[in-house]
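So the chains spell out like this:
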Amino acid sequence: MKSRTIVVNTLVSLVGASPLQPRQLLDFDLLDSAPKPAVHTISIGEQPHTVVYDLPAATQAAVADPLPVEAVTKRGLKARTDDSCTSLAAGAGPVPNPDTADTFLAYDAFSTAANSAPVPSGYYQTFGNLQASNNAYGYSGYSTLESYDTQECARRCNNVDSCSGFNIYFERDPSIVPGASCPDPLSTTVIKCVYWGGYISTDNANNFGQWREQFHVVIAGSNGYMKNELYTIPGFTGESLGDASINAPLNCLGQDTYMGAKIFTTSFFDVGLCAAACTSQNEYNIAHPPSTGSPKLCNFFVTYLSEVNGSPEGQYCAMYTQYWNSSYATNDGQWRGEDHYTNNYVFSYTSTSYVDTTVCPGSNSTIIKRSLLRSAASVE
Ligand SMILES: *[C@@H]1O[C@H](CO)[C@@H](O)[C@H](O)[C@H]1NC(C)=O
């Protein structure tokens, strides 16, 4: 039995007497109605490449109201030709002797390389020395390496726009395409550097290999790293919140500052998508004012990767009328039945033009003006 975290009780104790705002918890209707992100597993026949995303289209989808429900594009399947027993690209890693999957998985040199690899500058490690690769959000392609070189893989990730993290590992691949007349060929060890535009963790390192005829593809020395970066967006000041999203109480006037949420499922993690949604929401709200009073405006948003049991649900984007600091970042996930929803790679952004003009009852100043032009906090 999994242990359950009673999120609501934790929140009550943290926000004290302030009323709970359950609307801010994950909107399961929103999650259920959005298309599922395409989860990509690299096949052994796939050549090294970089995935190019249509960012204008993703941004268009992010600002559309309501969010269009689109089918996830399927990759075109190439016409099947019989390439059995033709050679495949040789990898640069050592091949253990005897040449079996069991020997490969027990081979010390792979764990030693993984355990002693330096954490590249600008990154933090999320897992180490697993025997599986990731199925995450925002697959952005891969390349092969000449050695197990985390610095080189990081350098390549830095050159891929959509790359937020990478998975590096040794893979036991066939040296020729397995077929009826060559069902279990000699192996070659390919060192892969896989780019992800999503969050990679032990929970989504669930690709343990595959069988090709009688050849067993397996993985060893798998490490994961995420960028330790506070992404800059013009017009906003950001904060990194780790693995917990904001759960704001009503403000001191009893007003609900939460506006609603969107989820993006068709591209890669990009704080700019949520910024575009926030900005366009304001244009819409100003153009369609309520019959009395002024429209609620988005001055603050929280965006992160939502996962269920480690599998990607997409990029969540929650909007608020006012800034809430990191002491309100208390929502680290929710349970629905046996399913554990987690929030990872959480960032909040405040509009640089936002000035808090809330006058709290009992405050001795007539107007509390708090400029939120804070210097960009760096990620620890
Ligand atoms: C966060 O905001 C609360 C309420 O405004 C304040 O009491 C607290 O000092 C702030 N904490 C930080 C870390 O800024």
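See above for the structure.
In short, a report on the structure. (Residues numbered from 1 in each chain as written. Predicted model: local features only at pLDDT ≥ 70, side-chain atom pairs only at ≥ 80, totals over all residues. Heavy atoms only, no water.)

### A short note on the overall build of the protein chain
To keep things clear, this is the line we draw: Numbering of helices and strands runs from the N terminus; a helix is a DSSP stretch of H or I covering at least four residues, while a strand is a stretch of E covering at least two. What makes two residues a contact is simply this: any of their non-hydrogen atoms within 4.5 Å. Here the open area of atoms and residues is found with the Shrake-Rupley method and a 1.4 Å probe, where only the protein chains shown may cover a residue.
Tallying secondary structure elements over the protein chain gives seven helices and 17 strands in all. Taking contacts inside the protein chain between residues at least 6 apart in sequence as the whole, the part at least 24 apart equals 81%. Surface accessibility of the protein chain: about 17,900 Å² in total, with carbon and sulfur atoms responsible for 53%.

### Some remarks on unusual backbone geometry
In this structure, the amide linkage connecting Asn-97 to the following residue, Pro-98, adopts the cis form with an omega of 0°. Its place among the elements puts Pro-98 in the loop between α3 (55-63) and α4 (101-106). We note that Cys-85 has phi near 70°; this positive angle belongs to a residue other than glycine. Along the chain, the position of Cys-85 falls in the loop between α3 and α4. Phi at Glu-213 is positive, roughly 55°, even though this residue is not glycine.

### Focus on the packing of aromatic side chains
Our working definition: Stacked, tilted and edge-to-face pairs are distinguished by plane angle, under 30 degrees for stacked and over 60 for edge-to-face with tilted covering the rest, among Phe, Tyr and Trp rings (Trp via its six-membered ring) whose centres lie within 6.5 Å. Three exposure classes are used, based on accessible area relative to the maximum for each residue type with a 1.4 Å probe and protein chains only: buried under 20%, partly exposed in between, and exposed over 50%. Cation placement over rings: the criterion is NZ of Lys or CZ of Arg within 6 Å of the ring centroid and within 35° of the ring normal.
On inspection of all chains with the given rule, the structure shows 22 aromatic pairs. Geometrically, the ring pair formed by Phe-269 and Phe-347 is tilted, given 6.0 Å between the ring centres and 35° between the ring planes. Within this pair, whereas Phe-269 is found in the loop between β10 (258-264) and α7 (271-287), its partner Phe-347 is found in strand β15 (residues 339-351), the two being separated by 78 residues in sequence. As far as burial versus exposure is concerned, Phe-269 and Phe-347 are alike and both buried. Put simply, the rings of Phe-104, Tyr-107, Phe-110, Tyr-148 and Phe-170 pair up and form one aromatic cluster. Of note, Lys-192 hangs over the ring of Tyr-142, and the distance from its end group to the ring centre comes to 4.8 Å. Directly above the ring of Phe-28 sits Arg-336, whose terminal nitrogen or CZ lies 4.2 Å from the centroid.

### Remarks on the packing of α3 against α7
The condition is simple: To obtain an axis, a line is fitted to C-alpha atoms, over the contacting stretch when the element is a helix, and the angle between two such axes runs from 0 to 180 degrees between their N-to-C directions. For classification purposes, angles smaller than 35 degrees are called roughly parallel, those larger than 145 roughly antiparallel, those between 65 and 115 roughly perpendicular, and all remaining angles oblique. The crossing is said to be left-handed when, going from far helix to near helix, the turn is anticlockwise and less than a right angle, and right-handed when the turn is clockwise.
Orientation of α3 relative to α7, taken along the N-to-C sense of each, is 45°, at an axis distance of 8 Å. Classed by the angle they form, the pair α3 and α7 counts as oblique. For the element pair α3 and α7, the recorded crossing hand is right-handed. Where α3 approaches α7, its residues Leu-55, Ala-58, Thr-59, Ala-62 and Val-63 are matched on the opposing element by Leu-273, Ala-276, Ala-277 and Ser-280.

### Quick notes on α3
Going by this rule: The directions from the helix axis to the C-beta atoms are what the arc is built from.
Burial in α3 covers these residues: Ala-58, Ala-61 and Ala-62. The buried residues of α3 occupy one face: seen down the axis, they fall within an arc of 100°. In α3, those exposed residues whose orientation departs by more than 90 degrees from the buried face are Pro-56 and Gln-60.

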